[in-house]
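Residue-level structure breakdown
The primary structure of each chain is shown beneath.
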Amino acid sequence: MKFTRADFPDGFLFGAATAAYQIEGHSFGGAGPTHWDTFAKGPGNVVRAEDGAIACDHYHRYGEDLDLLRDAGMDAYRFSTSWARVMPDGRTVNPAGLDFYDRLVDAMLERGLKPFQTLYHWELPSALADKGGWMNRDTAEYFGDFTDVITDRIGDRVTSIATINEPWCVAYLSHFLGHHAPGLRDIRAAARAMHHITLAHGIGLSRLRAKGMENCGIVLNFAHTEPADDSAGAARAATRQDAINNRWFIEAITKGTYPAEALEGFGPHMPAGWQDDMALISQPMDFLGVNYYTREMVTTDQGAPWPQITGSAGPGDKTQMGWEIYPDGLREVLVRMARDYVGDLPIYVTENGMAWDDTVENGAVYDPVRTAFVSDHFMAAKQAIAEGANVQGFFYWSLLDNYEWAFGYEKRFGMVHVDFDTLKRTPKASYHALKSAISR
Ligand code: IFM
């Protein structure tokens, strides 16, 4: 690595991130069915129709996994709490689910790891999906009740709470592009989900404040977006794409507005009276989580329905996902967030990482591309701090190879290799390199 812990401000947190459905093993502990379990059973939705039933069996192996974080010298662990594990039908409490998160948080604290909780990372209980899921305003209210239940149990011990992970994926990717559960391609469904997931953040944050919780925020995903060429069409597409993908949520939660370029398409399909929710949505928060992976180049596709955009990866080297490796985009988004939206509010890089077709050879995994990736992205965050962004921590995605949603178990993002037949964990060379870089 080109950096050490000393390159970052005192108190800067080094960590890794995961999410419940991707690692826990959803068939264990009385968790209820989710829309991902059934989406995975639909034709062509998920590679090999894989689901999260076993995943990494973190439900039983969490001690070993937390040992890996501690042994790497990490300060913090970003994890999520599954709504369907805590409330299998979205409404009724499963004591075993609460007990699991209770044990998990205690196990983090025993190892000196700060728990960074995310409340919703995508596994919507099927009973709520049956009622329209995020197209239904009630889901946002029910999310508030889930927030209360889980916070009453572990809120006394977590360091920070993010309401929603990547609302763009929850709404747009899932209801307009159809790539994630529930797999819709419908502008009315998307407009409603774009608003209701944002409302869920506002309701969740209110419930947390009512309990006196601090260090509350949200995790948003950003892609560095550029016009593919010098044409007016490409410039128009880039502005529109940026409004939908990058500005919709951050403007709503910091300014109480949605971007005009996105409302051009969504406006006629928004739920009635959405404007009345914007004050609740834009109440002050304590931090912003930034997830960043890549750059995309876009231009106009006149033959396509609104937003008439077609995109492709940038020209640089690609990861196993086909995503361009573009570290300067991380610097740019961190500086942009500070400058245009959150000022001096703490920012965490809550996800950044890459997938590669890693294999174990002679008991080890050699992943030099990932080591360089991590090094370059940490350097980009350091540069953003120098340019004024108040970045206070960085979580690599992900601790473990895991269930990569529509890609099943094929894409390996982990710093720790998981053999999905034996569930054996093997720390990769990048894990050892990060450990050396952040050792005290
Ligand atoms: O695996 C996902 C994660 O669940 C959300 N952010 C992006 C990651 C990589 O695709």
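Shown above is the structure to which this text applies.
Residues numbered from 1 in each chain as written. Predicted model: local features only at pLDDT ≥ 70, side-chain atom pairs only at ≥ 80, totals over all residues. Heavy atoms only, no water.

**Considering the site of the ligand**
Put simply, the rule reads: Whether a residue is near a molecule or strand depends on its heavy atoms: it is near if one of them lies within 4 Å of it. In the analysis that follows, any N or O atom pair within 3.5 Å is treated as a polar contact, provided that within protein one partner can donate a hydrogen and the other can accept it, and provided that, for residues neighboring in sequence, both atoms belong to side chains. Where accessible areas are quoted, they stem from the Shrake-Rupley method and a 1.4 Å probe; at the residue level, only the protein chains shown are allowed to cover. Only Asp, Glu, Lys and Arg are considered charged, only Ala, Val, Leu, Ile, Met, Phe, Trp, Tyr, Cys and Pro nonpolar, and every remaining residue, Gly among them, polar.
As a structural note, the neighbourhood of the ligand is formed by Q22, H121, W122, N165, E166, Y293, W323, E351, W397, E404, W405 and F413. Contacts to the ligand include Q22, whose side-chain N or O atom sits 2.7 Å from an oxygen atom. E404 is positioned such that a nitrogen or oxygen atom in its side chain is 2.6 Å from an oxygen atom of the ligand. Considering the ligand on its own, with 280 Å² of exposed area, one finds that the protein chains cover 95% of that surface. Its residues assigned to classes, the shell around the ligand comprises six nonpolar, three polar and three charged.

**Side note on the packing of aromatic side chains**
Rule in force here: A pair of Phe, Tyr and Trp rings is counted when the ring centres sit within 6.5 Å of each other, with Trp represented by its six-membered ring. The angle between the planes then sorts it: under 30 degrees is stacked, over 60 is edge-to-face, the rest tilted. By definition, any uninterrupted DSSP run of H or I lasting at least four residues is a helix, any uninterrupted run of E lasting at least two residues is a strand, and each is numbered from the N terminus. To sort residues, take the accessible area from a 1.4 Å probe on protein chains only and compare it with the maximum for the residue type: under 20% means buried, over 50% means exposed, and anything in between is partly exposed.
The full count for this structure, using the stated rule, is 43 aromatic pairs. Ring geometry for F8 against F378: centres 5.9 Å apart, planes inclined by 85°, an arrangement best described as edge-to-face. Of this pair, F8 sits in the segment before β1 (13-17) while F378 sits in helix α14 (residues 368-386), and the two are 370 residues apart along the sequence. For F8, a relative accessible area of 6% gives the class buried. Note on W36 and F39: the rings are 5.0 Å apart at their centroids and 80° apart in plane angle, and the pair reads as edge-to-face. Of this pair, W36 and F39 both sit in helix α2 (residues 35-39), three residues apart, which is roughly one turn of the helix. Among the residues examined, W36 registers a relative accessible area of 1% and is labelled buried. Of the aromatic side chains, those joined through ring pairs into one cluster are Y21, W36, F39, W122, Y403, W405, Y409 and F420.

**A few points about the pairing of β1**
Here is the rule: When DSSP locates at least two bridges between a pair of strands, those strands are taken to pair.
With five of five residues buried, β1 lies mostly within the body of the structure. Burial of β1 is two-sided: the residues L13, G15 and A17 facing one way and the residues F14 and A16 facing the other way are all buried. The sheet contact formed by β1 and strand β9 (residues 391-397) spans five bridges and is parallel. Along β9, the bridge assignment pairs A17 with W397. Sheet topology places β1 next to strand β2 (residues 76-80); three bridges connect them, and they run parallel. Across the sheet, residue A16 finds its bridge partner in β2, namely Y77.

**Here we look at the packing of helix α8 (residues 167-175) against helix α9 (residues 187-210)**
Here is the rule we go by: Each axis is a line fitted through C-alpha atoms, and for a helix only the stretch in contact is used; angles between axes span 0 to 180 degrees, taken between their N-to-C directions. Roughly parallel means an angle under 35 degrees; roughly antiparallel means over 145; roughly perpendicular covers 65 to 115; every other angle is labelled oblique. Contacts between residues were defined by any pair of non-hydrogen atoms, one from each residue, lying within 4.5 Å.
In the contact formed by α8 and α9, the axes pass within 8 Å of each other and the chain directions differ by 170°. The orientation of α8 with respect to α9, classified from their angle, is roughly antiparallel. In contact with P167, V170, A171, Y172 and H175 of α8, α9 contributes A189, A190, A193, M194 and I197. Of the residues in the contact of α8 with α9, the class split is nine nonpolar, one polar and no charged.

**Description of the state of the cysteines**
Condition: The disulfide criterion is simple: two cysteine sulfur atoms within 2.5 Å.
Tallied over the full model, the rule gives zero disulfides. A disulfide-free cysteine, C56 has its sulfur positioned 19 Å from the sulfur of C169, the nearest such atom. Take C169: its relative accessible area is 6%, and that puts it in the buried class.

**Side note on the packing of helix α5 (residues 95-110) against helix α7 (residues 137-154)**
Quick reminder of the rule: Handedness of a crossing follows from how the near helix is turned relative to the far one, being left-handed for an anticlockwise turn of less than a right angle and right-handed for a clockwise one.
At a minimum axis distance of 9 Å, the contact between α5 and α7 shows a crossing angle of 45°. Considering their axes alone, α5 and α7 lie oblique with respect to each other. As for the relative orientation of α5 and α7, their crossing is right-handed in sense. On α7, the residues touching L98, D99, Y101, D102 and V105 of α5 are V149, I150, R153 and I154. Partitioning the contact of α5 with α7 into residue classes produces six nonpolar, no polar and three charged.

**Remarks on the side chain of T151**
Within the secondary structure layout, T151 lies in helix α7. Residue T151 is classed as buried on the basis of its relative accessible area, which comes to 5%. Of the polar contacts made by the side chain of T151, one reaches the backbone oxygen of T147; its length is 2.5 Å. In this view, T151 contacts D156, L208, K211 and M213; residues no more than four positions away in its chain are not counted.

**Some thoughts on the side chain of D37**
Relative to the elements of secondary structure, D37 occurs in helix α2. Here T34 takes part through its backbone nitrogen, which lies 2.7 Å from a polar atom of the side chain of D37. Contacts of D37, omitting those with residues within four sequence positions, involve Y21, H26 and G32.

Functional significance is not addressed by these values, which are geometric in nature.
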